[in-house]
Amino acid sequence: MAHAAHLAALGQRHAVWWRTALALCVLLAFCAVAPAFDDRLLNGVSVWTKPFKFSLSLAVYFVTLAWFAPLLPGGYFATRKGAWMTWVPVACALFEMLYIVMQASRGEASHFNRDTAFHATMFSLMGAGAVTLVTICLWMGVVVLRHHRLHSAYALAVGIGLILTFALGGASGSYMGEHAGHWVGGAATDANGLWLLRWSRDGGDLRVAHFFGMHAMQVLPIVATLLPASWSPRRAIGTVIGVAAVYSAATIATFVQAVSGQPLI
């Protein structure tokens, strides 16, 4: 009953983003089961691995945005700006997942596939969609910070986390998209990669920095919620800023490591 109440509350925070996350979870379940009936491989793993990972990632993205929605000014989502903030990321995610699933069903790569003019165009459009998704984070983060200023360590963590997702996740993703793949100096296969994430074990992997960059929007708010309630606002805010700096440095370090051709593990 408690879990159902939490889910219902999340839906009330932002219904559109919550329903989008639910739809992505349905797709996630399909992609999890599909390999049992389809044994085709791509880059050494099931053709359904990429749509599984992206549906999971986007579901987390929309759940996170929905959770943060009440931090925006009252009535913001009823405005034209709020409508754009709501529907643009949904449209981008829908386009991206449709193409990824279509390519998986054909046994072909969606990312880094420039074999034909069509594939090159679709890859570029996916890149534009990805930039839009992180730009929404920047937009939302700025609105949250302007609305709450330095009155709440949690709101500050949410705002900084969203902005870092744009800066770190966006920059690493853009760099990755300009190259022929995410592997650097290792075998061009995910077959021997880390479980679930499939990061390379024998060379650099640009997905590592991108992963940490994209999840700044969850990490910093979680840190803020774990701070002792007895702390003064000044101490809590200082801690959030310090953790943000350390997290940024660590993410950049994984990027340098990958570019140097070294695996995370």
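Going by the structure above, here's the rest.
Note that this is a predicted model, so its numbers are computed, not measured.

(A) Quick peek at the overall build of the protein chain. Scanning the protein chain from terminus to terminus reveals 9 helices and 4 strands. Its helices and strands taken in sequence order, the protein chain reads α-α-β-β-α-α-α-α-β-β-α-α-α from the N to the C terminus. Since a compact globule built from 265 residues should have a radius of gyration of about 18 Å, the 19 Å found for the protein chain is in line with a globular shape. By its C-alpha atoms, the protein chain is 55 × 40 × 40 Å across when sized along the principal axes. Taking all 265 residues of the protein chain together, 43% fall into the buried category. Accessible surface for the protein chain amounts to roughly 13400 Å². Of this, 69% is attributable to carbon and sulfur atoms.

(B) A look at the packing of aromatic side chains. Inspection of the entire model under this criterion finds 10 aromatic pairs. With 5.3 Å between their ring centres and 75° between their planes, W199 and F211 make a pair best called edge-to-face. Remark: F211 occurs in helix 7 (residues 207–214) and W199 occurs in the loop between strand 3 (183–184) and strand 4 (204–205); sequence separation between them is 12 residues. Take F211: its relative accessible area is 31%, and that puts it in the partly exposed class. Put simply, the rings of W17, Y76 and F77 touch in pairs and so form one group of aromatic residues. Here the basic side chain of R235 rests over the ring of W231, its NZ or CZ set 3.9 Å away from the ring centre.

(C) Examining the side chain of N113 more closely. Mapped onto the secondary structure, N113 falls in the loop between helix 4 (80–106) and helix 5 (117–148). You can call N113 buried: its relative accessible area is 6%. If sequence neighbours within four positions are ignored, N113 has contacts with Q103, H119, A120 and F123.

(D) Up close: helix 4. Taking 1.5 Å as the rise per residue, helix 4 with 27 residues should run 39 Å; its terminal C-alpha atoms sit 39 Å apart, in good agreement. Two residues or fewer after helix 4 comes G107, characterised by a positive phi angle close to 75°.

(E) How the structure looks around unusual backbone geometry. In this structure, F112 is a non-glycine residue whose phi angle is positive, near 60°. Residue placement: F112 occurs in the loop between helix 4 and helix 5. The class for F112 is partly exposed, based on a relative accessible area of 22%.

(F) Geometry of the nonpolar core. Ranked by size, the top nonpolar core spans 40 residues in total, and within it W17, Y61, F62, L65, M140 and L162 carry the most contacts. If you list the elements that add at least two residues to this core, you get helix 2 (15–33), helix 3 (49–68), helix 4, helix 5 and helix 6 (153–177). Setting aside residues no more than four positions away along its own chain, L65 makes contact with W17, I136, M140, L162 and M217. Counting 15 residues, the second-largest nonpolar core is a separate cluster that includes A157, L164, A224 and Y247.

(G) Focus on the packing of helix 3 against helix 8 (residues 216–226). In the contact formed by helix 3 and helix 8, the axes pass within 10 Å of each other and the chain directions differ by 45°. Between helix 3 and helix 8, the angle is such that the two are oblique. In this structure, helix 3 meets helix 8 at a crossing whose hand is left-handed. When helix 3 is examined against helix 8, the residues V60, Y61, T64, L65 and F68 are found in contact with a partner set consisting of M217, Q218 and P221.

(H) Representation of the pattern of salt bridges in the model. Tallied over the entire structure, the rule returns 4 salt bridges. Across the pair D38 and R40 runs a salt bridge, and its minimum N-O distance is 2.7 Å. The exposure class of R40 is partly exposed, given its relative accessible area of 31%. Between E108 and R106 there is a salt bridge whose closest N-O contact spans 3.8 Å.

Basis of the calculations
Residues numbered from 1 in each chain as written. Predicted model: local features only at pLDDT ≥ 70, side-chain atom pairs only at ≥ 80, totals over all residues. Heavy atoms only, no water. Helix = DSSP H or I, 4+ residues; strand = E, 2+ residues; numbered from the N terminus. Rg over C-alpha atoms; globule rule 2.2 N^0.38 Å. Buried < 20%, exposed > 50% of the residue type's maximum accessible area, 1.4 Å probe, protein only. Areas by Shrake-Rupley, 256 points an atom, 1.4 Å probe, with all protein chains shown as cover. Phe/Tyr/Trp six-rings, centres within 6.5 Å; stacked < 30°, edge-to-face > 60°. Lys NZ or Arg CZ within 6 Å of the ring centre and 35° of its normal. Contact = heavy atoms within 4.5 Å. Expected span 1.5 Å × (residues − 1). Core = buried A, V, L, I, M, F, W, Y, C linked by side-chain atoms within 4.5 Å. Axes fitted to C-alpha atoms, helices over the stretch in contact; angles between N-to-C directions. Parallel < 35°, antiparallel > 145°, perpendicular 65-115°, else oblique. Left-handed = near helix turned anticlockwise from the far one by under 90°. Salt bridge = Lys/Arg side-chain N within 4 Å of Asp/Glu carboxyl O.

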